Amino acid sequence: MLSAPRVSPAPAPAGNAAEPGSGGGAAVGEGAAAAAAAAQPAGPPANAAGVTEQDIQRAFNGVTRWFSSQSPFMAVALLYLLSVHLTEITGLVIIASFLEYFAAHLKHVHGLSADEIRPMTVGSTGLLLLFWATLAFALLFPSGWRYFVFLPPSPPVTSFLGVTWIVLINSLFVRLIGLGLKFVAVALWRSDVRRRRRVLGVIENIDITYSLLASTPQWAFFFLTAADSGIGAFVRSVLAGTYLFLKGRVLLQQCAHTWEVVAALARKQLPYGHYASAQELLETGESICPICQTPWSAPVVLHCGSATPHVFCERCVEVWFGEAATCPLCRAQVQRPGTKVYEDGATDTSPQLI
Ligand SMILES: [Zn+2]
Ligand SMILES: [Zn+2]
């Protein structure tokens, strides 16, 4: 705590008697010196404002002393919070670790070739995950089903942290169920890689959409009925309206994207382009993929609006889409910003709060 850079302890020049903290009321003096120090952090020993290095030193020491004297109480307060919410925090850490582990495992399995995938093992992993997630959820949260059918909690939760917790923990279960379904999908479409990619993208996008949808009534209800917080009915309506407006924009974008991904699966097409014909390959005037610089494998024409077709390997462009939603050649927007196809088997494990 005391290892912060020290100002060199030069003696104060003679005649400088401006020491605001010397007269009593040390805390006030230290505050004033700190403010002056902030305004001129590396000033000379005696400057126009009359702040000496000693003043800065004294302010710094005062702040350090205050933190040193308070830190035991802060530590106790933190320990208290931890002990009161120990079950919740432990549960959250366990479920989040499960999610991270299985998400990485699924991506690994999806990356294997068809004869390397053991369908029985992969399929039963998915079914076990589904079973485990459902059972744990039913046991831990007896009225949790309300969340899944877009109902506000009963009895109502009126604290901000309470709603945050409900949304966080339930969205984790939504993600786990999506992961279970994806393992089953990998086992079912083991040898049909193209279809498997589409199906994984559809499951992930539906899961994200559902997750966004399910948290909406929780927050809207909270803003509308936060009655005990002393906020008037008008302000509450404005809060709920603002939330719904902002959330609606995110939701509309995600729903439209999910629809495209589902429609592409139904039509056996790509959500961002189509498989190139021999004629289109000729039109490019090239014979290799601009990303991997080798002959195309499963060449895809992006719907980027270019006059000459912009063609890439299907695999290459999917890796690209993990980073950007644009055409690698002309940078035109190919997917909606902020949305992904998730055909590489990735799962969005970032916690959902809103
Ligand atoms: Zn390529
Ligand atoms: Zn392009």
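Since the model is a prediction, treat every value here as computed from it, not as a measurement. (Residues numbered from 1 in each chain as written. Chains lettered and ligands numbered in written order. Predicted model: local features only at pLDDT ≥ 70, side-chain atom pairs only at ≥ 80, totals over all residues.)

### Quick look at the pairing of strand β2 (residues 299–302)
Each regular strand shows side chains that alternate between the opposite faces of the sheet.
And step 1. Across the two faces of β2 the burial is the same, with P299 and V301 and V300 and L302 all buried.
And step 2. The sheet contact formed by strand β1 (residues 273–275) and β2 spans 3 bridges and is antiparallel. Looking at β2, one finds that G273 is bridged to L302.
And step 3. Across 3 bridges, the pairing between β2 and strand β3 (residues 311–313) is antiparallel. (Buried ≥ 20, exposed ≤ 12 C-beta atoms within 10 Å, placed from the backbone. Helix = DSSP H or I, 4+ residues; strand = E, 2+ residues; numbered from the N terminus. Pairing = 2+ DSSP bridges.)

### Points about the packing of helix α4 (residues 119–140) against helix α6 (residues 160–188)
And step 1. At a closest axis distance of 7 Å, the pairing of α4 and α6 adopts a crossing angle of 160 degrees. Classified by the angle between their axes, α4 and α6 sit roughly antiparallel to one another. The hand of the α4/α6 crossing is left-handed. Each of P119, V122, G123, T125, G126, L127, L129, L130, A133 and F137 in α4 lies in contact with α6, whose residues at this interface are F173, L176, I177, L179, G180, L181, F183, V184, V186 and A187.
And step 2. Of the residues in the contact of α4 with α6, the class split is 16 nonpolar, 4 polar and no charged. (Axes fitted to C-alpha atoms, helices over the stretch in contact; angles between N-to-C directions. Parallel < 35°, antiparallel > 145°, perpendicular 65-115°, else oblique. Left-handed = near helix turned anticlockwise from the far one by under 90°. Contact = placed C-beta atoms within 7 Å. Nonpolar A, V, L, I, M, F, W, Y, C, P; charged D, E, K, R; others polar.)

### A look at unusual backbone geometry
And step 1. In this structure, the amide linkage connecting S154 to the following residue, P155, adopts the cis form with an omega of -5 degrees.
And step 2. As for its position among the elements, P155 is in the loop between α5 (145–148) and α6.
And step 3. A positive phi angle is found at A298, which is not glycine, with a value near 50 degrees.
And step 4. Structurally, A298 is set in the loop between α9 (278–284) and β2.
And step 5. For A298, a count of 14 C-beta atoms within 10 Å puts it in the partly exposed group.
And step 6. Here the phi dihedral of Y342 falls at roughly 55 degrees; this positive angle occurs in a residue that is not glycine.
And step 7. For Y342, the position within the fold is in the segment after α10 (314–321).
And step 8. For Y342, a count of 23 C-beta atoms within 10 Å translates into the label buried.

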